[in-house]
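Notes for the structure review
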Protein chains: 4
Amino acid sequence: MSPTTPKTIAIIAGAGPGTGAAIARRFARGYPVVLLARSQASLDPLVRDIQKNNGSALAFPTDVTDISSMNRAVADTKAQLGKDVRVAAAIFNMASKFTRKGFLDSTPEEYLGSLQATVNGAYNFSQAVLPLMLGSGSNEQSHPPALIFTGATAALKGGNGLGSFAMSKFAVRAMAQSLAREFGPKGIHVAHAIVDGIIDTEQTKGFHEEMPGSKISPDQIAEAYWYLHTQTKTSFTHELDLRPYCESW
Amino acid sequence: MSPTTPKTIAIIAGAGPGTGAAIARRFARGYPVVLLARSQASLDPLVRDIQKNNGSALAFPTDVTDISSMNRAVADTKAQLGKDVRVAAAIFNMASKFTRKGFLDSTPEEYLGSLQATVNGAYNFSQAVLPLMLGSGSNEQSHPPALIFTGATAALKGGNGLGSFAMSKFAVRAMAQSLAREFGPKGIHVAHAIVDGIIDTEQTKGFHEEMPGSKISPDQIAEAYWYLHTQTKTSFTHELDLRPYCESW
Amino acid sequence: MSPTTPKTIAIIAGAGPGTGAAIARRFARGYPVVLLARSQASLDPLVRDIQKNNGSALAFPTDVTDISSMNRAVADTKAQLGKDVRVAAAIFNMASKFTRKGFLDSTPEEYLGSLQATVNGAYNFSQAVLPLMLGSGSNEQSHPPALIFTGATAALKGGNGLGSFAMSKFAVRAMAQSLAREFGPKGIHVAHAIVDGIIDTEQTKGFHEEMPGSKISPDQIAEAYWYLHTQTKTSFTHELDLRPYCESW
Amino acid sequence: MSPTTPKTIAIIAGAGPGTGAAIARRFARGYPVVLLARSQASLDPLVRDIQKNNGSALAFPTDVTDISSMNRAVADTKAQLGKDVRVAAAIFNMASKFTRKGFLDSTPEEYLGSLQATVNGAYNFSQAVLPLMLGSGSNEQSHPPALIFTGATAALKGGNGLGSFAMSKFAVRAMAQSLAREFGPKGIHVAHAIVDGIIDTEQTKGFHEEMPGSKISPDQIAEAYWYLHTQTKTSFTHELDLRPYCESW
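Since we're looking at a predicted model, the values are computed, not measured.

Regarding the interface of chain D and chain A
Tallying the contact residues gives 31 residues for chain D and 31 residues for chain A. If you look at where chain D meets chain A, you find 0 salt bridges. Taken together, the links from chain D to chain A amount to 16 residue pairs in polar contact (both at pLDDT 80 or more). Listing elements by their share of the side of chain D that touches chain A, those giving two or more residues are helix H5 (163–183), helix H6 (218–230) and strand E7 (239–242) of chain D. Among the residues forming the side of chain D that touches chain A, the class breakdown is 13 nonpolar, 11 polar and 7 charged.

A look at unusual backbone geometry
Positioned with a positive phi, Asn54(A) is a non-glycine residue whose angle comes to about 65°. For Asn54(A), the position within the fold is in the loop between helix H2 (40–52) and strand E3 (57–61). Of note in the backbone geometry, His208(D) takes a positive phi value of approximately 55° without being a glycine. By relative accessible area, His208(D) is classed as partly exposed at 38%.

Description of the interface of chain A and chain B
Contact with chain A, which involves 39 residues of that partner, is made by 39 residues of chain B. When chain A packs against chain B, the two sides together hide about 3,100 Å² of surface, and 66% of this comes from carbon and sulfur. Contact with chain B buries surface across chain A, with Phe103(A), Leu104(A) and Tyr123(A) losing the most and accounting together for 22% of the total. At the junction of chain A with chain B, the criterion picks out 0 salt bridges. If you look at where chain A meets chain B, you find 16 residue pairs in polar contact (both at pLDDT 80 or more). Broken down by secondary-structure element, the contributors of at least two residues to the side of chain A that touches chain B are helix H4 (108–129) and helix H5 (163–183) of chain A. Per-element tally for the side of chain A that touches chain B: the top contributor is H5(A), with 14 residues. Residues that form the side of chain A that touches chain B fall into these classes: 21 nonpolar, 14 polar and 4 charged.

With respect to the environment of Leu35(B)
All names here are of chain B. Counting through the fold element by element, Leu-35 comes out in strand E2 (residues 33–37). Owing to a relative accessible area of 0%, Leu-35 belongs among the buried residues under this scheme. Each C-alpha atom of the pair Leu-35 and Val-129 lies 13 Å from the other, and the pair is 94 residues apart in sequence. With sequence-adjacent residues up to four places away left out, Leu-35 is seen in contact with Ile-12, Ala-15, Ala-24, Leu-43, Leu-46, Val-47, Ile-50, Ala-57, Leu-58, Ala-59 and Phe-60.

The rules behind the values
Residues numbered from 1 in each chain as written. Chains lettered and ligands numbered in written order. Predicted model: local features only at pLDDT ≥ 70, side-chain atom pairs only at ≥ 80, totals over all residues. Heavy atoms only, no water. Contact = heavy atoms within 4.5 Å. Salt bridge = Lys/Arg side-chain N within 4 Å of Asp/Glu carboxyl O. Polar contact = N/O pair within 3.5 Å; in protein donor to acceptor, adjacent residues only side chain to side chain. Helix = DSSP H or I, 4+ residues; strand = E, 2+ residues; numbered from the N terminus. Nonpolar A, V, L, I, M, F, W, Y, C, P; charged D, E, K, R; others polar. Buried < 20%, exposed > 50% of the residue type's maximum accessible area, 1.4 Å probe, protein only. Buried area = accessible area lost by both parts, 1.4 Å probe.

Right under this line is the structure:
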């Protein structure tokens, strides 16, 4: 790439271990990736892993729910990659804690905390990346810039004891739809994935071990997102679901 | 009612002019009503109107988005009607301002303000009324206690430029679903109405005047809520839509 | 009613015992009712019951899935009530058998039979009643004419082993939506009810007896339909669900 | 492939020009393809085109709505490729005529014809291919067998004047969901695509020419189906939408 060509990156919020790391590795095969997660410790091995596979990765410990932290990450990115850096793909994969307590047994912080964090994060991240996506993709060789949100079944259904989680997922789905309708005509592909099932990560080790393939592979989520990114503007998918073959739904 | 029988009331959040007032008048035909709205000025004529029609109404200027204001309203209610006051029907009809600005043109306060206010209000109100509903309705003569949320088309679809509004409506719908699944088995009827169209109020005077009946009648919303309240526990409706006969949808 | 005033009736397809009978009794409190069901035997006691309660009822054994049988019922109705008879409310409540066999274990007749019967019935019935509804309701005193379809959870979800049933319920829902959008602007209220749970009838005796109120009351379905019929044209509900308080959903 | 290894094919119903042809060409890069369409004339150039690109294609003029015609196609396939032929991917892409006439202006044949043809076709095709898919995919190198249905916006919404079309699309969606839930646990991936917009074919030449990219590319539909086929069983997508970037929805 010549020094005058702007760098084009993928940026992942929630690039911690598990799904985020898989997405990071997948997009690193196509772009330099910028990785955001709360803890440096979880980012370091991922950066090394990507570099070992000839990818390029920058990691910034960032709290995307905090606007100043998010802005700092963008400033740091520009400082390293150039002020005219472009975003080809932006993935919002941030997890947030939620309570399963009964409604009357939960404090406002417990019950509304997940919503507040998730929505602030989705908002800050979208505000930061969309200006770096607009006007991209004019190059017919490249894929249209994509902004992808990780959702869940709770984006469609408010389960008993899951109001805290569902509120955050419903709200992000509303934002994703609204952004798709606003920025689609401007050439930006906004998509939302309904991840319906247990994801196969370190944390879920031990679940369903007797039934191979019954947990969603993080690599497959990453493939889905990469596929979404490769869709041409004639045929954008806004929403798809992902679930194990044996999941009850 | 003997002095030893606990008073059973209907309570309406967002009892301002228009839909809230219509709901208040309808439920005042069945119960003493407690009316919450920001401004005393909008409550006064409504209280007089209800009293003129032999109803009983208390009004407390209340900001339900503020937990201490909401708690004060409950304390005032108990002070006037007894510590053992019961809630037969609770209607969350609070409106909140939202922006129609483009996503990148809006401030966080503008874009997320509607969500925050609406969700805080719905949360505070539900926390306040549900304990006064639990255990009601054991009397087979009475209707099961009902908690009803006013929703909108934006609870189902995040329109272009309507992300701010849609996020708040999606989130409240998630909460309503979750509460329905948690409190239904406890005998409380939680419902959500999709109001799809322009409501016929002072503020919408002049719209569609050429087409009689093309705006939703606040009295009809009130009738719908009253009907929902009268459903027995064998047959709860969780969600219904309401739209003018000529609305495009 | 003077001899020159056209008779205005309610007509129910699937007026057999259970839900159909409850609907018939409810609408007989407002209109002379015309009852259609396959067997005369199931209609006779219902007619007597309605007459005993000072209602007026005509019953025609009819196979609504057969166009000539449906047409004969309309001709018989006109012969008895006048050529200019008007329909205020038309309820499509026909049940059809469906298979729960595995897809590959079912014959085409088994798997597609429910769809064919249900759709033919819904089509024939709608074709017969809509011309007798158009132009009604011009009288501001009367309720807008309503065409109401009984649906089920299977109208929203194709369950494992329930494809046969779901296809018929999905298809009727499509028809109901399409009719609502075509005939709403002409003043006809088309509605669709999602009945989600076991209905409390002779056939379901013995189910859930240990849990009072856990089966949907046919009378409550009838009340819901009557309420829908009373909505003014400013505020039509197209769809509502009905489920027991303790139903898992 | 040794003579003793069963042949593994992709089979496409509705392999006429446009979307069907694009799907055929895409899957021919991975499998020998069997092409079904009503007219031999539309199949011939497609077969030649695939062969020119080093693919392998068999074409059988078939009316999949007719069970004997569908069975003949399977028999012909087995005669040519072996009795133990396996199906890796089966695409139901059959179009059917539907009326846009008003409900009361349409004949039963017009209004219900699309439903009957589509549902018979989907049923016959699924009955024919599923037995050839079961037990496939045990080989970990290969993709799980996939049965994919082409749907439309009308699968989600019954528009005014589109009841005929919507009934057929709703019903197929019900079948697809039900098959997904029945055959997913058996390792078969059943998916449904919501194609939302005008497809860029010979027939739609002239539409929206002023707006490049505003019609859905048949090749992109084909890519979406191929992507669905490549999903591992840990992460099946049941439903996705496809729409042009500028489509209003």
